[in-house]
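Here is what each chain is made of, one letter per residue.
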Amino acid sequence: MSLKAVPALLLLVANQFAHAELAQNLSVDIRSLSLGNAVTADPPGISAIHFNPAGLSHIQGLQTDVQGLMLNLDIKREFSAPPGFNVFGYSDDPVVCDVPKTQVNSNGLCPNFKTSSSKVNGVSLYVPILDKFVNWPAGLPVTIPFAAIAYRAPGSKITYADAFYAPLAVGFNQKDGDPGNFMGQQVALERITYLSPSASYQISDNLSVGASVGFNYAAVALKTDLRFPNELFGVLRLVDENICAPFKQNGSIVTDLLLFGLCNAKDTLGPFKKVATMEVAMQQTLSPSYNLGLLWEPSNDFAFGMVYQSGATEKLKGHYKVTIDPGAPELIAALNSSVTGQVLSALLGFPGAIPTTSEGIASMTQEYPAHFQAGIKYKVFPDLQVNFDIGWTDYAAWQGLPIVFDRPLAVLQFAKLLAPGVTADSLTVPLNYQSPWNYGIGIEYSMTDRLKLRAGYEPRTSAIPDNQRSTLVPVNGAQLFGLGLGYRFDKDTDIDLTAAFIRSKDSIPANTSNLSNSTAIDNLILNPYAGLDVKTNTKIAILGIAYRTRW
């Protein structure tokens, strides 16, 4: 495994958590979305399995739910150069430099800058059976089906249920050459509950408890270009273009000894050059979790509910493939062409050679965060109901993330000189997330005995510290808006329709994030837009339908 593989793995896992926060509860239940997910005291049919298993006590006889959700992603980023932008004196970054490379000054200074834009081209899914990405047709929203079944025998106090749903399912792709490809050209993040055996028990006429066990599939997959706009790479460019220029055709043993053989490289590294392309996919077929719920309904006008959704230990394992551009192999070959270069390479733990293609296995263990939520429903008027929930998610469990490789890596022996938490075959990604409280509010108006109108709002406070924000998915605060209606065709059949919209904007000024644009010399591998101002804008549009029937 090469140095180029490490940052892609870090990028993949660090941004999985950003996706998890943004996409929480977006693909579980249609009615809940329309009420801002404020349904702990008003559980939505069999989807109570997720939101509050005690709510299953409302079910009588045999009931089935079938739901479909269409989701469209609109992710945009903007990159611009602030006054004085440079990396080790160079400013001709093709992401923001508005002139061709041939017109850049010989000293590497760009005379004119532009604001560069990046946009998601379409939705991507990772299919484990095929072990590859599948790009959804551009312009079409992705469709996510889910279904559930429940049964309560006549006269029984126990309700049994099971459901298939997707607590997290999001992915996207971008066109070749998009400036955002250094933070993921293809990305897919999935956590799918394929079995959830559940039961509720009605203790009394107004008190119920419930529990469910989730059998989950988890996967993360990424394809990304890599570059390292860092001061150290600026030094390598300076050596190649300025110091080595007179010796390119006139080298000698003396220059090889004094300059460590660097001048023998036919190509080299620079702060703005693409270094490699990385593909990685990791998965776990069984990641168990559980939910516990309580529902108290002292009257028809008021109810109180609470739910605890357990965390889960995910042990992901998978493969990676790195295709390396000529710069790095040429640099290592040049070092090893000189005696002094060989000594320096050995001291720094560099490999003897870098192949153009590298493959291997990596694994990581992470904690999917626990979640607690409590809420009330109250009928202000006989035909107007208000729901209000507060919730807490234990994102603080993500203080650091260990990644283990299938063999000792020479590059990690070098990296541990600069960064804590690194050994010869493992490293830890620092996250330092926080555990915020959030709230949601929903309103349901019974226009007739058959027709109900719904609206909801859920502001989401980011768990990510300002200095850890990423351009992959902006989550520095988000807002969910929901609208919906429910129509009862007969005493046994209900239809729910929902339109929801979530938005998130962020501005990351230059040198403010260790996962985006820091130019600090020790932030080598996680800052592809070092020194640049970054703005992000994410919009997610959702349309859904649910068909619920009793038999």
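Residues numbered from 1 in each chain as written. Predicted model: local features only at pLDDT ≥ 70, side-chain atom pairs only at ≥ 80, totals over all residues. Heavy atoms only, no water.

Our next topic: empty space enclosed by the protein. Counted by the stated rule, this structure contains 13 cavities of 30 Å³ or more. Roughly 300 Å³ of volume is contained in the largest cavity. Taken together, 25 residues line the largest cavity, and the ones lying closest to its centre are His50, Pro167, Arg191, Gln309 and Tyr368. Counting residues per element, the lining of the largest cavity draws most heavily on strand S9 (residues 207-226), which supplies four residues. (1 Å grid on protein atoms, 1.4 Å probe; cavity = no way out; pocket = protein on both sides within 12 Å on 5 of 7 lines; lining within 4 Å. Points joined across faces, edges and corners; volume = space filled by probe spheres on them. Helix = DSSP H or I, 4+ residues; strand = E, 2+ residues; numbered from the N terminus.)

A word on a positive patch on the surface. Residues Lys76, Lys119, Arg503, Lys505 and Lys539 make up a contiguous surface patch of positive charge. With respect to the secondary-structure elements, Lys505 resides in strand S21 (residues 493-508). (Patch = residues over 30% accessible without salt bridge, like charges linked within 9 Å, V, L, I, M, F, W, Y side chains within 5 Å. Areas by Shrake-Rupley, 256 points an atom, 1.4 Å probe, with all protein chains shown as cover. Salt bridge = Lys/Arg side-chain N within 4 Å of Asp/Glu carboxyl O. Lys, Arg positive; Asp, Glu negative; His and termini not counted. Charge placed at Lys NZ, Arg CZ, Asp CG, Glu CD.)

A separate point is the layout of surface pockets. Its boundaries defined by the atoms lining it, the largest pocket holds a volume of some 1,000 Å³. Along its surface, the largest pocket is lined by 33 residues, and Arg31, Asp42, His58, Lys452 and Arg488 are the ones closest to its centre. Only strand S14 (371-381), strand S15 (384-393), strand S18 (437-446), strand S19 (451-460), strand S20 (478-490), S21 and strand S22 (533-550) provide two or more residues apiece to the lining of the largest pocket. Of the residues in the lining of the largest pocket, the class split is seven nonpolar, ten polar and 16 charged. (Nonpolar A, V, L, I, M, F, W, Y, C, P; charged D, E, K, R; others polar.)

Here we come to the packing of aromatic side chains. On inspection of all chains with the given rule, the structure shows eleven aromatic pairs. An angle of 75 degrees between the planes, with centres 6.5 Å apart, marks the rings of Phe182 and Tyr529 as edge-to-face. On the criterion of sequence distance, the pair formed by Phe182 in the loop between strand S6 (158-173) and strand S7 (186-195) and Tyr529 in the loop between S21 and S22 is long-range, its members being 347 residues apart. With relative accessibility at 0%, the residue Tyr529 sits in the buried group. With a centroid separation of 6.2 Å and 50 degrees between ring planes, the pair formed by Tyr290 and Tyr308 is classed as tilted. Pair noted here: Tyr290 is in strand S10 (residues 276-296) and Tyr308 is in strand S11 (residues 302-309), with a separation of 18 residues, a long-range link. The positively charged end of Arg191 is found above the aromatic ring belonging to Tyr368, 4.2 Å away from the centroid. In this structure, Arg227 packs its charged tip against the face of Phe182, placed 4.9 Å from the ring centre. (Phe/Tyr/Trp six-rings, centres within 6.5 Å; stacked < 30°, edge-to-face > 60°. Buried < 20%, exposed > 50% of the residue type's maximum accessible area, 1.4 Å probe, protein only. Lys NZ or Arg CZ within 6 Å of the ring centre and 35° of its normal.)

This brings us to the environment of Thr115. Relative to the elements of secondary structure, Thr115 occurs in the loop between strand S1 (61-80) and strand S2 (116-119). Spatially, the C-alpha atoms of Thr115 and Glu78 are 6.5 Å apart, while their sequence positions differ by 37 residues. If we skip the residues at most four places from it in the chain, Thr115 touches Glu78, Phe79 and Ser80. (Contact = heavy atoms within 4.5 Å.)

Another point: the nonpolar core. Residues Ile46, Leu69 and Ile542 are the most contacted members of the largest nonpolar core, which totals 69 residues. Of all the elements, S6 adds the most residues to this core, at eight residues. With residues up to four places along the chain from it excluded, the contact list for Leu69 reads Leu26, Ser27, Ile30, Leu33, Val142, Thr143, Ile144, Phe146, Ile542, Leu543 and Gly544. Residues Phe79, Tyr90, Val95 and Met183 belong to the second largest nonpolar core, which totals 13 residues. (Core = buried A, V, L, I, M, F, W, Y, C linked by side-chain atoms within 4.5 Å.)

Secondary-structure assignment places Asp29 in the loop between helix H1 (5-23) and helix H2 (30-34). Taking the relative accessible area as the measure of exposure, Asp29 reaches 0% and is therefore buried. Within the local environment of Asp29, its side chain forms a polar contact with the backbone nitrogen of Ser32, the two atoms lying 2.9 Å apart. In this structure the side chain of Asp29 is engaged in a polar contact, spanning 2.8 Å, whose partner is the side chain of Ser47. Residues in contact with Asp29, not counting those within four places in the same chain, are Pro44, Ser47, Phe51, Gln67, Phe146 and Arg548. (Polar contact = N/O pair within 3.5 Å; in protein donor to acceptor, adjacent residues only side chain to side chain.)

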